[in-house]
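A structural walkthrough
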Protein chains: 4
Amino acid sequence: MIDRYQSKSMKEWWSDARKFRTWYQVECAYLKAYLEFYDRYDEKLINDLYGYEDSIDWQEFSIRVKEYDAIVKHDVIAFLHVLEEKIGKQARLIHVGLTSSDIVDTSFALLLNGAAVEIDKKLDQIINSLWQQARNYKGVLMLGRTHGQAAEPTTFGLKLLSHACEMWRGRQRFKQATQEISVGKFSGAVGVYAHTHPHIEDRALQNLGLKAETVATQVVARDRHAAYFGALACLAGSIERLAVEIRLLMHGQVKEAFEPFSLKQKGSSAMPHKKNPVLSENLSGLMRMMRSYALAAFENQALWHERDISHSSVERIIAPDATSLMEFALERLNDIIAHLVVDKEKLSHNLEQAGDKLYSQGLMLALVNKGMMRQQAYELVQKAALGAHGSMKENLRDTGVENFLTKDEFEQIFSPAFTLRHEDSMFERVENLCLRPALNAR
Amino acid sequence: MIDRYQSKSMKEWWSDARKFRTWYQVECAYLKAYLEFYDRYDEKLINDLYGYEDSIDWQEFSIRVKEYDAIVKHDVIAFLHVLEEKIGKQARLIHVGLTSSDIVDTSFALLLNGAAVEIDKKLDQIINSLWQQARNYKGVLMLGRTHGQAAEPTTFGLKLLSHACEMWRGRQRFKQATQEISVGKFSGAVGVYAHTHPHIEDRALQNLGLKAETVATQVVARDRHAAYFGALACLAGSIERLAVEIRLLMHGQVKEAFEPFSLKQKGSSAMPHKKNPVLSENLSGLMRMMRSYALAAFENQALWHERDISHSSVERIIAPDATSLMEFALERLNDIIAHLVVDKEKLSHNLEQAGDKLYSQGLMLALVNKGMMRQQAYELVQKAALGAHGSMKENLRDTGVENFLTKDEFEQIFSPAFTLRHEDSMFERVENLCLRPALNAR
Amino acid sequence: MIDRYQSKSMKEWWSDARKFRTWYQVECAYLKAYLEFYDRYDEKLINDLYGYEDSIDWQEFSIRVKEYDAIVKHDVIAFLHVLEEKIGKQARLIHVGLTSSDIVDTSFALLLNGAAVEIDKKLDQIINSLWQQARNYKGVLMLGRTHGQAAEPTTFGLKLLSHACEMWRGRQRFKQATQEISVGKFSGAVGVYAHTHPHIEDRALQNLGLKAETVATQVVARDRHAAYFGALACLAGSIERLAVEIRLLMHGQVKEAFEPFSLKQKGSSAMPHKKNPVLSENLSGLMRMMRSYALAAFENQALWHERDISHSSVERIIAPDATSLMEFALERLNDIIAHLVVDKEKLSHNLEQAGDKLYSQGLMLALVNKGMMRQQAYELVQKAALGAHGSMKENLRDTGVENFLTKDEFEQIFSPAFTLRHEDSMFERVENLCLRPALNAR
Amino acid sequence: MIDRYQSKSMKEWWSDARKFRTWYQVECAYLKAYLEFYDRYDEKLINDLYGYEDSIDWQEFSIRVKEYDAIVKHDVIAFLHVLEEKIGKQARLIHVGLTSSDIVDTSFALLLNGAAVEIDKKLDQIINSLWQQARNYKGVLMLGRTHGQAAEPTTFGLKLLSHACEMWRGRQRFKQATQEISVGKFSGAVGVYAHTHPHIEDRALQNLGLKAETVATQVVARDRHAAYFGALACLAGSIERLAVEIRLLMHGQVKEAFEPFSLKQKGSSAMPHKKNPVLSENLSGLMRMMRSYALAAFENQALWHERDISHSSVERIIAPDATSLMEFALERLNDIIAHLVVDKEKLSHNLEQAGDKLYSQGLMLALVNKGMMRQQAYELVQKAALGAHGSMKENLRDTGVENFLTKDEFEQIFSPAFTLRHEDSMFERVENLCLRPALNAR
């Protein structure tokens, strides 16, 4: 991923240096379990090996592997070769009985898992920001819009609350998917444990915080990874929905909420007057990429026989790219939400401008409640709502509505305090269902 | 979906008649809860309304709705209009306080849920067939292949076992996703319960077997549906992997396993000698469609403000198409697996032809175990494996291998009984982890 | 495709009856060329065969094929069988030397081509409507918006003109792609003309209005079809851009242009006051499907060896679905554009509301032209544009601007007549480049 | 794109240094045309400006822009600022009357175009290699396979010839798409030439080798770019088809053709005997990415109003990634094809093993030609082909075939020299249609 859209920590995480270090950790975890299993445990060897993890310059190591890989065209073999160079005879038992996939797939689980940890932190942050802002704007009336058209009043708090819940669901899904890819394998070539034992695998993976692939071919099955990238794509759609909401609310004719705009920021090289929702537009674009990556992950599933290596090139690209983009996007989204500028006056103004036709449904229902047939009520109210006068109330004069409703009943229909009387309980429900457990979990 | 790829029951399930009938069920469930909540419960009315469900000719009803929809261009309004035609004054309270999405989205949950039940039945069936066949071919030795090349021996049973586990995972994922879309809403326009009460929603949805959307905009959030179609796409990748396996095993040069071929079936209009894996190829193609549908579902998420209706056209197409294709595909896959023709002699033959170089890893490991350095062992064995004689053993003569290994040690390396000694425990593990609970659940 | 989104003519075109009739036409064209080539031309036979095309009830024929296909599981063999039933001994030479793909692929070219003709008619129509409306709204000033924010003035005519050009490009691309799929093959099994002759193929295809696949495997190569569905996906993006434009212009806070709304149409089952851009939203959704279908077509390319049949199931679905949806969408879009309701007063109002800061660039440029450094000018103008007074002019007082510009120079900056002085020549250019040739071609 | 899949030249081409240099070239081209148009041409200024292109250290320049961009959050403004730092007062007229998109989109056309030139070179190379190898293996008989099953004889030359033609088509499509994106714009904000003149645009673009966008909004329309990435996706499908072919031919049971394998290359870290088609598998994976990128490009089309910037993040990623991957893939594919190892003995062996049933169609046709009804002939031949003896000829004894055919007629049926008699003319046709013009064009 280009620097622009990748944090430094993600860049480090997906570096070759980190990859080879992870491979080394995996090799050591296996070797330790292997020696234990065969009662050949050699404390000095294991201690020395764990010591090398800190003493090796993994940056330099990775360059050396690259050079050797250019000759043998097999990265695990190159890695083992360089390792032998570095630590000599103590490398002798490393990789014994294993195949490349044992190391590569197990390490991949650790790397995807670590990336997921970073993403999860940002998810926690954005859910928290959405929840805080939802509470800040609880009771702040605004125009609810369907099809971009005035519908009925809602509050800015409820709008954000729906996004908080959706993001919460996305987080649960991604956690679930992360568990699914948190599996490794040490079952060797074609996955039959020919030169090892399932118990060694169990113990080694346990030490790495992973589970064992139930039945590996030679590799961990790629449906797991497809689900992981699918969960990210799904989350991307939720980010996009929020980004589009901001873009619409900031539209020059709407102007209800605004991205934060730093003091020195410039909107346009040509038009000095511009302030643009460039962060949200950027997120809209980036989320398209997340769908793309998921697609490639879905295509990666159908490997041939006990494995082919077609998935590998895709994963080399999408694993860093998708997780880095997601972390970046969540951070950016959080910047927008945490510092969102809301123009409460404009919210009120736009609500008022929509006029009393907003309450057309309430009126229709009241009439039906008092005995009018639904079709008749609908037509009467539609006529009033779209009538000559701007105000529905005015258009209703002399329509006989007064025969159905008392003045008080009539006025209550037009009261947002009445129509939004359930807002409190909606907040409570969310707190109980989603957010309290999340807050506790921290 | 075209008839060719849609079962009769799925065709009925996704018919307009069924849709309107479901809408009616949803309207009745709401009305019942509504009347109860306001202590206006009217037993006769409710009984009559439930009675209409059976007495209405929903086929004819749906034609009438279509006609009226052509005029008002709004299907729920048309539905309510025809309902009023059919049942007169008793329709008066139907839809009171609700918006179209309350009915449409809640019904959509029921329909997707029902389709999921059919799919789950087929998943149960294919998992069972894979498990049975895996047991049938336990111990049946064959060539394990990576990159399409001879790797090490495996068994036909283990091959199928890995597919059984993958299908099992796909089923869990789809179940989880089905729960996620099993939510409805009765919170009215812009989701604020302006003309209703959350308790009514709770009770009505409970009666329908659904949960309530935590915070609805005006609609149920579409991340849920994206996850549902994403789970189907992921499952599709697993089906494709199995279909490709069959196609490869049936390849004219491999001929280890075959799709069942009915007596009167013809393979080619031009070439009377042909028997082709047309079922598996068909599945390979159909699964591409499943990825496509998921993609459209992902794009459906970012609705504007409290809702727009762009998702609706997509769902009208992909909901029936994706679920029908999946049900069809699972049935077809089960036909293949349950009646798979396996040529055990060819399995043996191909294994033997691969020669003793299959055991090159075992040999290398044995040498390393006896103290040879890894690189040296690798090169010695590679040279022998790719040497002048077809047999690695022969190529090993005069290489000094005898100084490292006893004759017995040497011979054990070449024994599949030895390399596959863990097969039993692998079957047991799967039985414990995946299949036993599934069998119990039935 | 569901009836809702498929015209009657497209439904007929993609029916089984039409497909078998097309197969028959293709068989006859080949047989005629075959007999001619071998000097065995039999006028009576050919006349009789061509006569059968009209006399056969293809609806009934297709039902019979379906029944037989259920037994032999091969549609071409079933077709030939039923043909023999219908026309007896005269069928004897039909399909001689051919393989199924010769008929199926050649017919597929004819069917896709015919669908393309229908789509092209609609493209002609929508381009014409856009062009007419662009001319109608030439000179009608409105707010140009970038990032949804006020940018500089444009005209409604220019807005539509850009869409007319884009649709024109989409049409050229689709024409090109249609030519690419307008190829057939009669080269028999594995495409080597073993039992036929390239000259027969040439002549038969010429009679059908097609060209020959340069080198067929056993099938026409699927890159051609991928390009066809790719061109439709690209066109879909253009339709979506226009649909989104309408949705934004019709937004409750913008209200500059509106979809036509028929007299009896209803906007919401709950809210009688609603008028919603449901047609444009519907198009936004449908166009997602078009991307999906293209994706499946791209995946269809990599057939195995001389062919497998995995592409077939995909094509059975996407060929009718994609072309029908496109025809439907273009017709719907044309309805919107041809009857678009534009509120000229609102256009003016929104333009005025944006204020004189719209001209910030003009001012900055004038200052630079008069010698001010770019950065200095930018900052001066940005300050004025975002200043305390609503009007930039007012904010400019006492900034020393008067030292750089004469009063006339200053006033011209704020004149839309000046900034839009090139509109005429832009229209002329489009007429010359795109539309005139199109108009001539009709 | 990661280093592994990006050539050095592509890495340089898509560097920030190159981007800003291109921006500068575009600014200069515009300024020159601008001064000429207004008769203010200043030779010294222009000469100086063009001189700066060589003297500026663009690497260092790009770092400086990045720093400033972090403050103003607008890359073009940052670029202009740094430019003013570097060249002082002579920068005064740069960007006058333009908006960012004028520079960014025009430069993007140049960059995409330059990348296309590199890709086109590789396309020329691979088409040439395919053509050469097709000629090398002309007449080399092999088994043609449909559905992975023995069909009829073909030649290795014809197989490669079909790929040569497909690649040739992909090249034409990509050339066409490259022309489509080879447009720039200098029409300023909202594309109305408010502060410039169409003639300046024409002249400046002509100097840059580009055409003008017919009607720009504020940006060049993104249908053009969608078509470009769509053409790459289509080409990817063709590469994938060839990669899958190699993988199948190299399958351990097929072994007809092999990727080149360098002397020191190692196939497996576990199994020293392995030689794997890792290059082709790698291409299979990478081509999945190309579909992904196209998808994001399709989603990029529907920008809001006169532009939003959501497309930009996508393009920053996919433009380098898609073009670099394609260049890399074509180079790798060429390595495979140019050094393909073909085992002619295995080709013969597999053909022979398929037996005489390969000629079942020829036999059936001969019988039909001699007057047998098609169905009867089909059944007789199918029975013989699938009969008890391995040889169809033997199975045909005592079936009465001898009453229909003379011995010579009978024997000719089984002669590949006869069935492949049109190979020469197929090669000639390709040479005339596709390759000769391409060769001439070089």
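Everything quoted here is computed from the prediction, not taken from an experiment.

Another point: the overall build of chain A. For chain A, the count of helices and strands is 18 helices and six strands. The C-alpha radius of gyration computed for chain A amounts to 30 Å, which surpasses the reference 22 Å derived for 442 residues by more than 25%, pointing to a less compact arrangement than a globule. A buried classification covers 70% of the 442 residues belonging to chain A. For chain A, the accessible surface area stands at approximately 14,500 Å², while carbon and sulfur atoms represent 49% of it. Averaging the positions of the 55 positive and the 58 negative side-chain charges in chain A gives two centres separated by 4 Å.

For the structure on display, the rule yields 144 salt bridges over all chains. A salt bridge links E409(A) to K370(A); its shortest N-O distance comes to 2.7 Å. Within this pair, whereas E409(A) is found in helix 16 (residues 407–413), its partner K370(A) is found in the loop between helix 13 (360–369) and helix 14 (374–385), the two being separated by 39 residues in sequence. Judged by its relative accessible area of 40%, K370(A) is partly exposed. A network of salt bridges, in which partner residues are shared, links R169(A), R173(A), E180(B), E213(B), D223(B) and R224(B).

Residue and element names in this part refer to chain B. Among the six residues that make up strand 1 (residues 141–146), five are buried, leaving the element largely enclosed by the rest of the structure. Inspection of the sheet shows strand 1 paired to strand 2 (residues 149–155) by five bridges, in the antiparallel sense. Bridged to M142 within strand 2 is T154. Counting the residues that bridge the hairpin from strand 1 to strand 2 gives two residues, and of these H147 lies at a positive phi of roughly 55°.

Listed per partner, the contact involves 103 residues of chain A and 103 residues of chain B. Carbon and sulfur atoms make up 59% of the surface buried where chain A meets chain B, a total of about 8,700 Å² over both sides. One can count 12 salt bridges joining chain A with chain B. Put simply, R173(B) and D223(A) hold a salt bridge, and the shortest N to O gap is 2.8 Å. Inspection of the chain A/chain B interface yields 30 residue pairs in polar contact (both at pLDDT 80 or more). Tallied by class, residues from the side of chain A that touches chain B come to 46 nonpolar, 30 polar and 27 charged.

This next bit is on the packing of helix 6 (residues 100–136) of chain A against helix 9 (residues 223–249) of chain A. Residue and element names in this part refer to chain A. Running from N to C, helix 6 and helix 9 point in directions that differ by 20°, and their axes come no closer than 13 Å. Considered as vectors, helix 6 and helix 9 are oriented roughly parallel to each other. The two elements helix 6 and helix 9 meet at a crossing, and its hand is left-handed. Residues F108, L112, A115, A116, I119, L123 and L130 of helix 6 form the contact with helix 9, whose participating residues are H225, Y228, F229, L232, L235 and L242. The residue makeup of the contact of helix 6 with helix 9, split by class, is 12 nonpolar, one polar and no charged.

Between chain A and chain B, which share one sequence, the superposing operator has a rotation angle of 180° and an axial displacement of 0.0 Å; the RMSD is 0.1 Å. Interpreted geometrically, this transformation is the action of a two-fold axis. It is G230(A) whose C-alpha, among those of chain A, lies nearest the rotation axis, at 3.1 Å. Taken as a fraction of all interface residues of chain A, those also at the interface in chain B reach 100%, which identifies the copy contact as same-surface.

With that settled, consider unusual backbone geometry. All names here are of chain B. The backbone phi angle of D398 is positive, close to 65°, even though this residue is not glycine. Within the secondary structure, D398 is located in the loop between helix 15 (392–396) and helix 16 (407–413). Take D398: its relative accessible area is 75%, and that puts it in the exposed class.

The next thing to look at is the environment of Q253(A). Along the chain, Q253(A) falls in the loop between helix 9 and strand 5 (257–258). We classify Q253(A) as buried; its relative accessible area is 10%. In sequence terms Q253(A) and F298(A) are 45 residues apart; their C-alpha atoms lie 41 Å from each other. Once residues lying within four places of it in the same chain are set aside, the contact partners of Q253(A) are K346(A), L143(C), R145(C), Q253(C), V254(C) and N350(C). Reaching out from Q253(A), the side chain makes a polar contact with the side chain of R145(C) at a distance of 2.9 Å.

All chains considered together, the criterion is met by zero disulfides over all chains. Counting only cysteine sulfurs, C434(C) is the nearest neighbor of C165(C), a cysteine outside any disulfide, at a range of 4.4 Å. Between C234(C), a cysteine without a disulfide, and C234(D), which holds the nearest cysteine sulfur, the sulfur-to-sulfur distance is 12 Å.

Quick notes on the rules
Residues numbered from 1 in each chain as written. Chains lettered and ligands numbered in written order. Predicted model: local features only at pLDDT ≥ 70, side-chain atom pairs only at ≥ 80, totals over all residues. Heavy atoms only, no water. Helix = DSSP H or I, 4+ residues; strand = E, 2+ residues; numbered from the N terminus. Rg over C-alpha atoms; globule rule 2.2 N^0.38 Å. Buried < 20%, exposed > 50% of the residue type's maximum accessible area, 1.4 Å probe, protein only. Areas by Shrake-Rupley, 256 points an atom, 1.4 Å probe, with all protein chains shown as cover. Lys, Arg positive; Asp, Glu negative; His and termini not counted. Charge placed at Lys NZ, Arg CZ, Asp CG, Glu CD. Salt bridge = Lys/Arg side-chain N within 4 Å of Asp/Glu carboxyl O. Pairing = 2+ DSSP bridges. Contact = heavy atoms within 4.5 Å. Buried area = accessible area lost by both parts, 1.4 Å probe. Polar contact = N/O pair within 3.5 Å; in protein donor to acceptor, adjacent residues only side chain to side chain. Nonpolar A, V, L, I, M, F, W, Y, C, P; charged D, E, K, R; others polar. Axes fitted to C-alpha atoms, helices over the stretch in contact; angles between N-to-C directions. Parallel < 35°, antiparallel > 145°, perpendicular 65-115°, else oblique. Left-handed = near helix turned anticlockwise from the far one by under 90°. Least-squares fit on C-alpha atoms with pLDDT ≥ 70 in both. Disulfide = S-S within 2.5 Å.

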